[in-house]
There are 2 protein chains.
Amino acid sequence: MSTIVDASLRIADADGLEGLTMRRLAADLSVTPMAIYHHVPGKDQLLDLMADESLKTLPGVDRSADPAVELRRLFTAMHRLYLAHPALAQVMAQRPMEGPTAGLVGEEVLYVLTAAGLDDDAAISALITLTTYTSGASLYRLSRRRHVGARGEPLAEIAAGTMPTVHRLRRKINAARDTDKQFTDGLTRLVDSYLGGRGSGP
Amino acid sequence: MSTIVDASLRIADADGLEGLTMRRLAADLSVTPMAIYHHVPGKDQLLDLMADESLKTLPGVDRSADPAVELRRLFTAMHRLYLAHPALAQVMAQRPMEGPTAGLVGEEVLYVLTAAGLDDDAAISALITLTTYTSGASLYRLSRRRHVGARGEPLAEIAAGTMPTVHRLRRKINAARDTDKQFTDGLTRLVDSYLGGRGSGP
DNA sequence: ACCTGAACACCGTTCAAGT
DNA sequence: ACCTGAACACCGTTCAAGT
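Every value quoted in this text rests on a predicted model; they were computed, and no experiment measured them. (Residues numbered from 1 in each chain as written. Chains lettered and ligands numbered in written order. Predicted model: local features only at pLDDT ≥ 70, side-chain atom pairs only at ≥ 80, totals over all residues. Heavy atoms only, no water.)

I tried to follow the overall build of chain A on my own but got confused; where do I start?
When helices and strands are counted, chain A shows 10 helices and 0 strands. Its helices and strands taken in sequence order, chain A reads α-α-α-α-α-α-α-α-α-α from the N to the C terminus. Considered along the principal axes of its C-alpha atoms, chain A spans approximately 55 × 50 × 25 Å. Taking the contacts inside chain A whose residues are at least 6 apart along the sequence as the reference set, 68% of them involve residues at least 24 apart. Within the structure as shown, chain A displays about 9,200 Å² of accessible surface, and the carbon and sulfur contribution to it stands at 55%. (Helix = DSSP H or I, 4+ residues; strand = E, 2+ residues; numbered from the N terminus. Contact = heavy atoms within 4.5 Å. Areas by Shrake-Rupley, 256 points an atom, 1.4 Å probe, with all protein chains shown as cover.)

Written out as structure tokens, the structure is:
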């Protein structure tokens, strides 16, 4: 059954989520499409299993190290994981990640946050905000990569009269869009905000 | 042609993005599936047109008002727009929004940020961070709504031993997940961070 | 310029049957 | 317990033909 999940991840990495069909998966496993349904209830559950499996590659946190550093490390790793496996990010955008591994990651984050002095409500809020920011930023970068040049250069034909600032900054905007620096900037601001400025140094 | 876009939005609101097929759209317009292809190049371009059309309902910003208030107002409106039209959020997660209306929204935000004293790079960074946070938070709430109870209560069966904090806070986590308060908290932190604490009062 | 009919190359999944 | 064959009810899109 983890043979099925592994093959699915291989296909999704190679040909994207739209390349992953039950029929293609069956062919790769030299089996009839229907054989898969005896191991997995359906395609949706297969996607859940794939997502949870991917999360296992995330690093654990060092509970004795600086909380701000550890949080930035973990969510940067999550961001990189999404960028490396676009299908995972797409699945997570559609379906909530509620598998066991997602739970373990949440446990790590909540531990760090409460150990840093946040009360329960603040820790939960920080966990959700950091998670949603990371997924939003990842999807943003991925969507731009996927459709690069697909619709011409739309911002090039903008009316300078109606959007002068966008027109003036066009080049800079496009340069900033798909950079680690952009992601790190937002992440750092959120981490600093929740940890109250403490812990950004050693 | 905007008849086609309007009908598409109606279908997507009623039956979700997966209910919007070229054949269903054609049937609603009392026309053959192929007739649509004489007005729109394909389904992907139709989705782009739908997304841009939806953005037109966003409010403009008051350029003489408090920047922090105006930014919170605009991104809260964007969040509500996504929640009201889940298909729009799904489209935006898959394809970058580069239509004319998206450009106008960006223009508004960049104006407010630069008028508040941010330099070009900081304004661009803030625009992207606020946009990606809003979309990530919206998708998170929507994905949980869509699959509520679809896979049982996964967090209920967690091992208290391996994730004690998640286990202890289970109820609070689930309660916080789909609330405006959660979104507003992260948004306020980002806005305050970029505007340097100024402007949160009158 | 605008629409139609028929077809192509796909999907996920059900159902009955085989070993 | 595990797999197969054939079919159902769909997709988006191409192509040639009609008005």
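I would appreciate a short explanation of the relation of the copies chain B and chain A in the present structure.
Two copies of a chain can be linked by a rotation about an axis combined with a shift along that same axis. Taken as rigid bodies, chain B and chain A are interconverted by a rotation of 180° and an axial shift of 0.0 Å, the fit giving an RMSD of 0.0 Å. Interpreted geometrically, this transformation is the action of a two-fold axis. Relative to the rotation axis, the closest C-alpha in chain B is found at B:Gly136, a distance of 1.8 Å. Both copies share a contact surface, since 100% of the interface residues of chain B are interface residues in chain A too. (Least-squares fit on C-alpha atoms with pLDDT ≥ 70 in both.)

Would you mind going over the side chain of A:Thr101 with me for this structure?
All names here are of chain A. For Thr101, the position within the fold is in helix α7 (residues 100-115). A polar side-chain atom of Thr101 sits 2.7 Å from a polar atom in the side chain of Asp52. Beyond its immediate chain neighbours, meaning those up to four positions away, Thr101 contacts Asp52, Leu55 and Lys56. (Polar contact = N/O pair within 3.5 Å; in protein donor to acceptor, adjacent residues only side chain to side chain.)

Just to check I follow, could you spell out the protein's contact with DNA strand D for this structure?
Of all residues adjacent to DNA strand D, which total 14 residues, the nearest are A:Thr32, A:His39, B:Arg23, B:Met34 and B:Tyr37. Backbone atoms, meaning sugar and phosphate, make up 43% of the atoms of DNA strand D lying within 4 Å of the protein. Take A:Thr32: an N or O atom from its main chain is 2.8 Å from a phosphate oxygen of DNA strand D. Take B:Met22: an N or O atom from its main chain is 3.0 Å from a phosphate oxygen of DNA strand D. The set of elements that each furnish at least two residues to the surface near DNA strand D consists of α3 (33-36) of chain A together with α2 (22-28) of chain B. Of the residues assigned to the surface near DNA strand D, the class counts are 6 nonpolar, 5 polar and 3 charged. (Near = heavy atom within 4 Å. Nonpolar A, V, L, I, M, F, W, Y, C, P; charged D, E, K, R; others polar.)

How do you make sense of the interface of chain B and chain A when you look at a structure like this?
Many authors give the size of an interface as the accessible area that is lost as the parts come together. Opposite the 50 residues of chain B that make contact, chain A presents 50 residues. Both sides together, the interface formed by chain B and chain A hides about 5,000 Å², and carbon and sulfur atoms give 57% of it. Inspection of the region where chain B meets chain A yields 6 salt bridges. Linking B:Arg144 and A:Glu98 is a salt bridge whose minimum nitrogen-to-oxygen distance equals 3.4 Å. In this assembly, chain B and chain A are joined by 24 residue pairs in polar contact (both at pLDDT 80 or more). When residues of the side of chain B that touches chain A are traced back to their parent elements, those giving at least two are α6 (86-94), α7 (100-115), α8 (120-146), α9 (164-177) and α10 (180-195) of chain B. Looking at the side of chain B that touches chain A element by element, the count peaks at 16 residues for α8(B). Partitioned by chemical class, the residues of the side of chain B that touches chain A number 20 nonpolar, 16 polar and 14 charged. (Buried area = accessible area lost by both parts, 1.4 Å probe. Salt bridge = Lys/Arg side-chain N within 4 Å of Asp/Glu carboxyl O.)

What should I look at first to understand the environment of A:Arg144 in this one?
You can see A:Arg144 is positioned in helix α8 (residues 120-146). For A:Arg144, a relative accessible area of 18% gives the class buried. Taking the C-alpha atoms as reference, A:Arg144 lies 38 Å from A:Ser64; in sequence the two are 80 residues apart. Excluding residues that lie within four positions of it along the chain, A:Arg144 makes contacts with A:Asn174, A:Arg177, B:Pro96 and B:Glu98. (Buried < 20%, exposed > 50% of the residue type's maximum accessible area, 1.4 Å probe, protein only.)

In this structure, what is going on with helix α5 (residues 67-84) of chain B? I would like to understand it.
Structural remark: α-helix, 3.6 residues per turn; residues separated by three or four positions point the same way. When the terminal C-alpha atoms of α5(B) are compared, their 26 Å separation across 18 residues agrees well with the 26 Å that a helix rising 1.5 Å per residue should span. Along α5(B), 13 of the 18 residues are buried, which leaves the element largely enclosed by surrounding structure. (Expected span 1.5 Å × (residues − 1).)

Explain the layout of surface pockets to me, please; I cannot follow it from the model alone.
Space left empty within the atom packing is revealed by a probe, the size of a water molecule, rolled over the atoms. Of the pockets and cavities examined, the largest pocket occupies roughly 940 Å³. Considering the residues around the largest pocket, the lining is formed by 29 residues, among which A:Gln90, A:Gln94, B:Leu17, B:Gln90 and B:Gln94 are closest to the centre. Of all the secondary structure elements, the ones that give two or more residues to the lining of the largest pocket are α4 (43-55) and α6 (86-94) of chain A together with α1 (2-15), α4 (43-55) and α6 of chain B. With 5 residues, the top contributor of residues to the lining of the largest pocket is α6(B). (1 Å grid on protein atoms, 1.4 Å probe; cavity = no way out; pocket = protein on both sides within 12 Å on 5 of 7 lines; lining within 4 Å. Points joined across faces, edges and corners; volume = space filled by probe spheres on them.)

How should I be thinking about the side chain of B:Arg141 in this particular structure?
Residues and elements named next belong to chain B. Tracing the backbone through its elements, the reader meets Arg141 in helix α8. Its relative accessible area of 6% is what places Arg141 among the buried residues. Side chain to side chain, Arg141 and Asp178 meet in a polar contact 2.6 Å long. Looking at Arg141, its side chain comes within polar contact range of the side chain of Asp180, at 2.9 Å.

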